[in-house]
Amino acid sequence: MSTDDTPEKPEPAEEPKKPEAQAPEPAPEAAPEPAPEPGSGPRQEPGAEPEAGAPTEPLTGRQRLAKGLWPPRFTRAQLTVALLLCVLGLGLAIQVRTTSDNSALRGARQEDLVRILDELDSRTKRLEDEKRKLESQKAELESSSNQAAEARKQTEQKEDQLGVLAGTVAAEGPGIELTVSDAKGAVEPDKLLDTIQELRAAGAEAIQINNVRVAANTYFSGSAGKVEIDGKKVSQPYKFKVIGKPQDLEPALNIPGGVVQTLEKEQAGVSVSRSEKIVVDALRPAKRPDYARSSSQ
């Protein structure tokens, strides 16, 4: 003990030492991610803008092809070439079709081609004769001193001509007789109609089948072996009396693939004979049209 009466101050207790702060250890480096394989990852639509900050992924071959084809890019030169190619293709198609239509005459013999050309020349000549006749009538009307009498005369002649064509008056003149025998009943009505059309095309002016006069409104009906003309039953053999130029009518029926060959394929008998006098005396009643009127009235 000290002799000093002053009490001793207790010494302060030592504060516990704080642990020293240690520097943080560096984080281990992340392993590099493997590069995405082609075709993996989110699929991006062709032409779509990539998102901001998003890594650009390589396009596949299909995507590059789609991106190159759409939207289409055409230049004026390409459009001009495409238009020319379309016109050229259309012309070739028309040429091929025209060539195929004329292929039926390629296999014909020289004699048949000559006969067809002669028939065409005959038709052209008939049309030219009709044209000259009409021009002559026109000149007579213009130069006649008595135009009224001349017009009346030509009107009467025209009436007779129209009566022959309409079947309201009898007619006679040179022509041919065509007989079609159908013992097996195999000839259809349309075959007889084709015969009428061929005769008209060859210049027939008056036609009669058995006792029926053929006119512009004549129609065929029925079936094979039971043919009806204008509603009248006509029995075979079918006898055609045709007035016209025999030198034009007979060759028209005998051309390759024509009426005679077609009927013979149906096992029908066909005979054609020329005559200098054919009488067509079957008549049709003169009927006034219900609706049609002359435009000159």
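Before going into details, it helps to say that this report is about the structure given with it. (Residues numbered from 1 in each chain as written. Predicted model: local features only at pLDDT ≥ 70, side-chain atom pairs only at ≥ 80, totals over all residues. Heavy atoms only, no water.)

In this chain, Gln236 is followed by Pro237 through a cis amide linkage whose omega measures 5°. Along the chain, Pro237 turns up in the loop between strand E6 (232–233) and strand E7 (238–243). Of note in the backbone geometry, Asn210 takes a positive phi value of approximately 55° without being a glycine. (Helix = DSSP H or I, 4+ residues; strand = E, 2+ residues; numbered from the N terminus.)

One open sheet accounts for five strands, arranged E3-E2-E7-E1-E8; its pairing is antiparallel. A single partner strand is all that each edge strand has here, and the edge strands are strand E3 (212–214) and strand E8 (269–280). When the angles between neighbouring strand axes are averaged without regard to direction, this sheet yields 20°. Across six bridges, strand E1 (residues 171–181) lies against E7 in antiparallel orientation. Counted as the bridge partner of Thr179 is Lys239 from E7. Contacting E1, strand E2 (206–209), E3 and E7, helix H5 (residues 189–201) crosses the sheet at an angle of about 15° to E7. Here helix H6 (residues 246–253) sits on the sheet and contacts E1, E7 and E8; the angle it forms with E1, its principal contact strand, is near 15°. (Pairing = 2+ DSSP bridges. Axes fitted to C-alpha atoms, helices over the stretch in contact; angles between N-to-C directions. Contact = heavy atoms within 4.5 Å.)

The next thing to look at is the side chain of Thr195. Examined against the element boundaries, Thr195 turns out to sit in helix H5. Thr195 gets classed as buried once you look at its relative accessible area, which sits at 1%. Setting aside residues up to four positions removed in sequence, Thr195 forms contacts with Leu178, Phe240, Val259 and Leu263. (Buried < 20%, exposed > 50% of the residue type's maximum accessible area, 1.4 Å probe, protein only.)

What follows covers the pairing of E7. Regular strands have side chains that alternate between both faces of the sheet. With four bridges connecting them, E2 and E7 associate as antiparallel partners. What sits directly across from Ile209, in E7, is Phe240.

Let's shift gears to the pattern of salt bridges. In this structure the tally under the stated criterion is seven salt bridges. Between Glu119 and Arg123 there is a salt bridge, with its nearest N and O atoms 2.5 Å apart. Placement of the pair is Glu119 and Arg123 together in helix H3 (residues 110–143), with a separation of four residues, close to one helical turn. What makes Arg123 partly exposed here is its relative accessible area of 24%. What emerges from the salt-bridge pattern is a single network uniting Glu119, Arg123 and Glu198. (Salt bridge = Lys/Arg side-chain N within 4 Å of Asp/Glu carboxyl O.)

Considering the arrangement of structural elements, one finds Pro246 in helix H6. Separated by 43 residues in sequence, Pro246 and Gly203 place their C-alpha atoms 9.5 Å apart. Leave out the neighbours within four places in its chain, and Pro246 touches Pro174, Gly175, Ile176, Pro251, Arg274 and Ser275.

Pairing in this open sheet of three strands is antiparallel, and the strands run E4-E5-E6 from one edge to the other. Every other strand in the sheet has two partners, leaving strand E4 (220–223) and E6 as the edge strands with one partner each. Where E4 and strand E5 (residues 226–229) come together, four bridges link them in antiparallel fashion. Of the residues in E5, the one forming a bridge with Gly222 is Val227.

Another point: H6. For H6, the complete set of buried residues consists of Pro246, Asp248, Leu249, Ala252 and Leu253. Looking straight down H6, one finds its buried side chains confined to an arc of 165°; they lie on one side. Against H3, E1, H5, E7, helix H7 (259–265) and E8 lie the buried residues of H6. (Arc of directions from axis to C-beta.)

We now examine H3. Given 3.6 residues per turn, any residue in an α-helix points the same way as the ones three and four places further on. In a regular helix each residue adds 1.5 Å, so 34 residues correspond to 50 Å; H3 covers 49 Å between its end C-alpha atoms and thus fits that length. Those residues of H3 that fall on the buried side of the exposure criterion are Asp112, Glu119 and Ser122. Those residues of H3 hidden inside the fold are in contact with H5 and H6. (Expected span 1.5 Å × (residues − 1).)

Keep in mind that these numbers describe shape and distance, not what the molecule does.
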